[in-house]
Amino acid sequence: MNKLRQSGGKLFALSLLCSLAALVLVICRVRVEITKNAVCPVMSYEDISSLAEASNETAYDWCVALSNAGLQGVLMTPEQMLDAQTMKTIADAGLSPVQVGGLPQSGPYFFALCYDETVDGTPLPGIPSTVESLPLEEILQALHNSDSFLVLVENEAQTGMLLPEGWDATHFDGKITKACWLNSRIRCSAEKLGYAGMEETENILFRAVIDRGVQFAWIAPVTTPEGKTVIERSKYVALLSGLETRLKHAGFSYGKASAYAPDSLPSFLWILTGLAVLFGTVLLIEKCFRPVSKRSILVLSSIGIAEEAIGFLAFPHLQITALALLAAIVFPCLSVIHLGAVLSRADRERSFWRWAGGGCLGCVGFTLWGALLIAALQSGRDYLLVLRLFRGVKLSQAAVYLFSVGFFSRMYFRSQKPVPGQKRSSFRNRYFRNGLLLALFLTVGVIYLLRTGDRMMPVSVAEQRIRNWLEHCLLFRPRAKEYLIAWPFLGLAFLFEQRGKTQLSAFFGAFSGIGFASLVNTFCHSRSHFLISLARTGIGLILGFVLALILIGILHFAFPNHNKEFSNDQYHSSSL
C-alpha cells in the first residue's frame, strides 16, 4: 500500500477523500437495517384450514398451537375478514389478520397476491383464485389514505418480486417490505438431504432472513420430495420454534415487521462515492500501464468526472449499477497489484510475520474498500428490496480471476529464464509443465464461474449438509472458496516467496485473486444486511488465516529451510 500511495498519491488521496461520502451512506444504511430485525411468520387461513381438515382437527386448535410457536399473522381475503366466526377464531388464538386483495385498510398488505400471480401455471398456494383484481390506481390511493404498507413477495427464482404486469414498484412513494414464500420449487423440503423432519425447511427460511433480509416468512404446507404433504401439527410447531431460536441467536426476533420508506438522502453522496470508484479506476490504469504521464492521468480523470455528471443526470440507476460493477473489478485488482508489490520486496532479514501480516492486511484492506463503495452505492431502497439487482456477478468474478492469473503468470514465467550452466533440455521440458499449469488455471476458472450462484453446477448433498452445519455453528456461513482456498493460498504465497521459491509463490498468489473477488462479491448482494455481510467476511478471514497458519506450520517443520539464501530464480519486479 505504501508503494501505491507513493506512486499514485494524489489519486489515492482523492479516492480516499470521496470515500467519506460512502461511509456516510453505509452508516445511514446500517441505521435503517438494524430496525428491520423483526420477522413475521404468516400462513394463509386457507392452508391452516386444509391442514386441520387433513389431520382431523379444528382450525382453532391449529391456530392456537401455531400462535404459541411464534406464528404472527394469518393471510386472509376481504371475504374471509367479513366472516365473524373466522375472525373470532383468529382473534381467540392471538393471531392478527393480514389482508390479501381488496382495498387496503391498515397494517401489512400483500400486494402482489391480489393479482393471482402464478408459478408453473398454478395459483399461489393458500389464496383462493376467486380474489378479484382491483384497478392499480384505486389500490395505491387507498394505501396513501391508510397506514398500510406493501408486502412484495419474492418470485420463484428469489431474485425479484411478484408484480403486476407493467407496474414498476421503484416509482411507488409509499412504504414497502418483502416476503419469502415456500414456492412450488422449494416447498418439497421435508425429509430432504437425509433429514428426518423439516430441518431443511427451517434452513431455507433462516437463509431467507439472513441472506436476503426478508421480514415476512410465508409458510405453506410442506411436502416430501415424493409429494406427500406433511400434516402433523407438531412438525409445524417445531419448525416455527426452531427457526425462532436460530433467529434470536442471529439478532432477530418474531414480531411486527416494519417497512422501508422512500430514500431521503442527498444525491451528492452517491455522486462522491462514484468519484471514489472512478479515481480508483484511474489509479489501476496508472499501475497497469506505467509509465503514464501526469497529463494522461489528468485527461482520464477529467473524462471520468464528465461521465459521472452525465450518467447521474441522464441515467442515475444505470450509473449506480455500472459503478458498482466497476468497483467489484477495480479494487480486487488493486489488491492483486499490492500483493505482487509486497512479494517483490521479500527480505530475509525482516520478520516473516510482520512482512506477511502487513501484506495480507493491505490486500484485504483494498478489497474491503471496494466493498464499502459497493455497499454505499446500493444503499437505496430499490436495491435493499431487490427491486433493482446488481448485474455482472460472473463478469466481475471472471475479470478479477483472469487479471490475477495474468499478473502472476508474468512473475512465474520471468523466473524461468535459464541460468548459466543450466541444461537446455531441462529448460525445454518446462513447456510441458507450463501447459499443465495453464490447463489447471483454466479448469479452476471454469468451475469457479459455474459454481458462482449455485445455478449452473448444483451443490452436492454432502456439501449442502456441511453448509447447514456451518450455519448452525457460526450463524453466518463463510464462503468456502475464501476460507478453504484463497486465504490459505495467500499465506503459502508469502511463505514460498520468503524462501525464494518464486514460481510456487506466483502459483499460490494467482489463486488468491479468487478470495479478493469473492470477498467484494459478498457485498454486491445488497439484499443482505451490511453488518451480516461484514460478519460473514470476518468469519471467513479468521477461518482462512487459521488454516493458513496450520499449513505454514506443517510445511515449516516438514521441510525446514536449511538454505537461508534466496534461490537464483527469485524475481524482483521493477515495474511495481
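Note that the coordinates shown come from a computational prediction; the quantities given were computed from them, not determined experimentally.

With that settled, consider the side chain of Thr321. Its location among the elements puts Thr321 in helix α12 (residues 316–343). Among residues more than four places away in sequence, those in contact with Thr321 are Tyr383, Leu389 and Arg391.

Turning our eyes to something else, we now look at a nonpolar patch on the surface. A cluster of nonpolar side chains, contributed by Ile285, Phe289, Val299, Leu300 and Ile303, occupies part of the molecular surface with about 440 Å² of accessible area. Looking at the nonpolar patch, the element that brings in the most residues is helix α11 (residues 294–314), giving 3 residues. Secondary-structure assignment places Ile303 in helix α11. The exposure class assigned to Ile303 is exposed, which follows from its relative accessible area of 52%.

Moving on: the pattern of salt bridges. Taken as a whole and judged by the stated rule, the model has 11 salt bridges. A salt bridge links Arg207 to Glu471; the nearest nitrogen and oxygen atoms lie 3.3 Å apart. Within this pair, whereas Arg207 is found in helix α8 (residues 199–212), its partner Glu471 is found in helix α18 (residues 461–474), the two being separated by 264 residues in sequence. You can call Arg207 buried: its relative accessible area is 15%. Using a relative accessible area of 3% as the deciding quantity, one classes Glu471 as buried. Each of Glu200, Arg207, Glu471 and Arg477 takes part in one network of salt bridges that share partners.

Here we take up the nonpolar core. Within the largest apolar cluster, 85 residues are counted, with the highest numbers of intra-cluster contacts made by Leu339, Phe408 and Phe494. Looking at which element gives the most residues to this core, the answer is α12, with 16 residues. If we ignore the near neighbours within four places in the chain, the residues touching Phe408 are Val336, Leu339, Gly340, Leu343, Ala506, Gly509 and Ala510. With 46 residues, the next largest nonpolar core counts Tyr45, Ile48, Ile219 and Ile539 among its residues.

Judged by how many residues are buried, strand β8 (residues 176–181) sits mostly within the fold: 6 of 6 residues are covered. Here β8 shows no split at all, with Ile176, Lys178 and Cys180 on one side and Thr177, Ala179 and Trp181 on the other all buried. The pairing of strand β7 (residues 149–153) with β8 spans 4 bridges and is classified as parallel. Within β8, the residue paired with Val153 across the bridge is Ala179. Of the pairings in the sheet, the one linking β8 to strand β9 (residues 216–218) comprises 3 bridges and is parallel in character. For Trp181, the partnering residue across the bridge sits in β9 and is Trp218. With respect to chirality, the unit in which β8 leads through α8 into the neighbouring parallel β9 is right-handed.

Each value, and the rule that gives it
- Along each chain, numbering runs from 1 in the same order as the chain's sequence is written.
- With pLDDT at 70 or above as the cut-off, local features in this predicted model cover only qualifying residues; side-chain atom pairs require 80 or more to be listed or tallied, and sums for whole chains, interfaces and linings still use all residues.
- To get the side-chain values, take all heavy atoms of the structure and skip hydrogens and water.
- Each helix is a run of DSSP H or I of at least 4 residues and each strand a run of E of at least 2, with the numbering of both proceeding from the N terminus.
- Contact criterion: two residues are considered in contact whenever any of their non-hydrogen atoms come within 4.5 Å of each other.
- For patch detection, residues must exceed 30% relative accessible area and be free of salt bridges, and they are connected within 9 Å for like charges or within 5 Å for nonpolar side chains (Val, Leu, Ile, Met, Phe, Trp, Tyr).
- All accessible-area figures derive from a Shrake-Rupley calculation using a 1.4 Å probe, and residue coverage is judged against the displayed protein chains alone.
- A pairing counts as a salt bridge when a side-chain nitrogen of Lys or Arg comes within 4 Å of a carboxyl oxygen of Asp or Glu.
- Exposed residues in this analysis have more than 50% of their type's maximum accessible area, buried residues have under 20%, and partly exposed residues fall in between, with area computed by a 1.4 Å probe over protein chains only.
- Buried Ala, Val, Leu, Ile, Met, Phe, Trp, Tyr and Cys residues that are joined via side-chain atoms within 4.5 Å together make up what is termed a nonpolar core.
- Strand pairing follows a simple DSSP-based rule, namely that at least 2 bridges must link the two strands.
- Call a crossover right-handed when, viewed with both strands pointing away from you, the route from the first strand across the helix to the second goes clockwise.

These figures capture arrangement, not role.
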